[in-house]
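For reference, the chains in residue letters:
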Amino acid sequence: MKKENFIWSSTKIGLLAGAIAIFLCLVGMVEVFSKRDVIEKVLTLGMFLLLATSILAGFLASRRTSELLDGNKAPSNLLAGAIAGLAMGAVLAFFVLFSNQVNLRAVFLNVTPALMQLLTFNQGVGGVWQLPVLGAVSGLAGGAFLLIPQNFRKPIVQALMVIIFLALFSSLFRIIMINQGGGIERTARTIFSQTGLTITGGLIFFFGTILFSVLWSTQRERVQNSVDRLPKKGKISLRVFSIILLAYVVIMLPQAAGPFIAQVVVIISLYILMGLGLNIEIGFAGLLDLGFVAFYAIGAYTVGLLTSYGEYGLQHVSFWVAVPIAVLVAMLFGGILGVPVLGVRGDYLAIATLGFGEIVRLLAGSDFMARWLGGPRGIIGIQKPCIGTLGEFVAVDVPRVCNGIELGKPQDIYYIAIASALLIAFFSYRLRESRLGRAWMAIREDEDVAEALGIKLVQAKLLAYMLGAAFAGLGGAIFATLVGSIFASSMQLIVSINVVALIIVGGMGSIPGVIVGAIALIGLPELLREVSEFRFLLYGVALIAVMLAKPEGLWPSETISRELHHDEVAETTS
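Conventions adopted
Residues numbered from 1 in each chain as written. Predicted model: local features only at pLDDT ≥ 70, side-chain atom pairs only at ≥ 80, totals over all residues. Heavy atoms only, no water. Phe/Tyr/Trp six-rings, centres within 6.5 Å; stacked < 30°, edge-to-face > 60°. Helix = DSSP H or I, 4+ residues; strand = E, 2+ residues; numbered from the N terminus. Buried < 20%, exposed > 50% of the residue type's maximum accessible area, 1.4 Å probe, protein only. Lys NZ or Arg CZ within 6 Å of the ring centre and 35° of its normal.

Visitor: Outline the packing of aromatic side chains, supporting the account with residue identities and numerical values.
Guide: Overall, the coordinates contain 15 aromatic pairs when judged by the stated rule. Summarising the aromatic geometry, the rings of Phe 173 and Phe 192 are spaced 6.2 Å apart at their centres and angled 20° between planes, so their arrangement reads as stacked. Of this pair, Phe 173 sits in helix α8 (residues 170-180) while Phe 192 sits in the loop between α9 (182-191) and α10 (199-228); the two residues are 19 residues apart in sequence, bridging distant segments of the chain. Under the relative-accessibility criterion, Phe 192 is labelled buried at 2%. Between Phe 427 and Phe 471, the aromatic rings sit 5.9 Å apart at their centres with planes inclined by 70°, giving edge-to-face as the arrangement. Remark: Phe 471 occurs in helix α20 (residues 457-483) and Phe 427 occurs in helix α17 (residues 410-433); sequence separation between them is 44 residues. Overall, the relative accessible area of 38% leaves Phe 427 in the partly exposed class. Judged by its relative accessible area of 4%, Phe 471 falls in the buried class. Here Arg 153 stacks its cationic end above the ring of Phe 145, 6.0 Å away from the centre of that ring. Positioned over the ring face of Trp 372 is Arg 371, at 5.1 Å from the centre of the ring.

Written as structure tokens, this is what we have:
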């Protein structure tokens, strides 16, 4: 079979990269991301997207050329990379010229004058020639990257990833360091700008990461052997020190980082609570539930009704009394949902639970329930937690006086959310290792076989629904207290989808995976609020990337990992 010409192959890769670059422009990512810098006054994040696409195209073209020519041939590899980058740049240039003649904005709203200025480097159509030139240069760099020995390639990639990560979260690190004052504050102003890294910071982190990577690759085995040779007391002391250090960071974070970061951590913790609850249903028992937000809403409304000093408050009890009741009520509704859907499996179960979630949301916001739940007006005036005693209820819309410490700020709710997440994580771990947890996993694998082994399906499934609902109810209760009000419009289907997505990305059935998934899919977009409108796009990309690279999730359970890699383990053993 005749092999493809590498020039034509590189051109095709470049054209495909050009189409991807145009897509990034049309969805608005390039313009929005350009509000943040990677390196101040050198490279914006939007331009980095295009540059990375061109470099990647050059790298892929170079690698494909090596396959076609049966090995690396430097001139051909470099030429292939340059052609791919040139083709991509030419496509972008054509896009700019075409947009200059045809009003694309009538169809694509993101084709704005600001985008055109970005693509032409503020020089108008006359500057469009720079796109193919820069494309060819960056593609050439991508092609050359393949020729670098593997030992040098890995540290460079790690250094670039560190720079991108630090640039994305520069405002977070900058605030934390500035709040410390003194020399740390001066260091922060030297390495971080308002929107990214400074040139000095970029150089420090780039070469620092390369140095660390090289040292770690050469000294890692020696360090691990030193730790392994420690006596038992030494290992315990090291572990205790690590736990104390971690606990200190967790306790001090709200004071160092401020209310915004504390609120982000609270939201992550609430999704961890829901994720751990849904993980029991999906990850342990294999019961797909798309109406999980209903239990979250039930917990929130219960706390609202019991603690609110507003129009719809019923009992005016304290937060500490209302939360256990909210958990029990959510648990009860979990049982009510579980009974009718016990005999339903697979996709039909997902649709049934989806309907339940929508019914709860619509009822909560309806005029029919407005006299009890406030309808579209919701429940406002939810009393903040108080360590001490609450004064008497005086009148509607008048908060009760806290005779003690009131936990009203996000920095205060932070500790409640973290403690709840840790408690539920420990409870989930004990459940997974229990007899009930093994019964759930047996049901997940095969219901008929599980029943034949003596597992009572009705009881096991009901318990999965009720416990999952209880965890979600706890999350809803804390959310209502954090916000101080609750509305039906806050309980959309997207909340359930978010929880399912974080479980898949983190690792089905894995407790650490739920935490990692919540941080990746909930925490990172919250910290990057400028690009939060691309959350669904990021979800899609993350799900595709995880399914391709790590189908078992970012932190999978041992069981799932063993099942998916059974063939590899068998080959290694043989």
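Text resumes after the structure shown.
Visitor: Provide a residue-level description of unusual backbone geometry, including the pertinent values.
Guide: Negative phi is the rule for most residues except glycine; trans is the rule for most peptide bonds. Of note, the phi angle at Lys 41 is positive, near 65°, even though the residue is not glycine. Secondary-structure assignment places Lys 41 in the loop between β1 (37-39) and β2 (43-44). For Lys 41, a relative accessible area of 80% translates into the label exposed. Phi angles above zero are rare outside glycine, and Asp 397 is one such case at about 70°. The topology assignment puts Asp 397 in the loop between β4 (386-390) and β5 (402-406).

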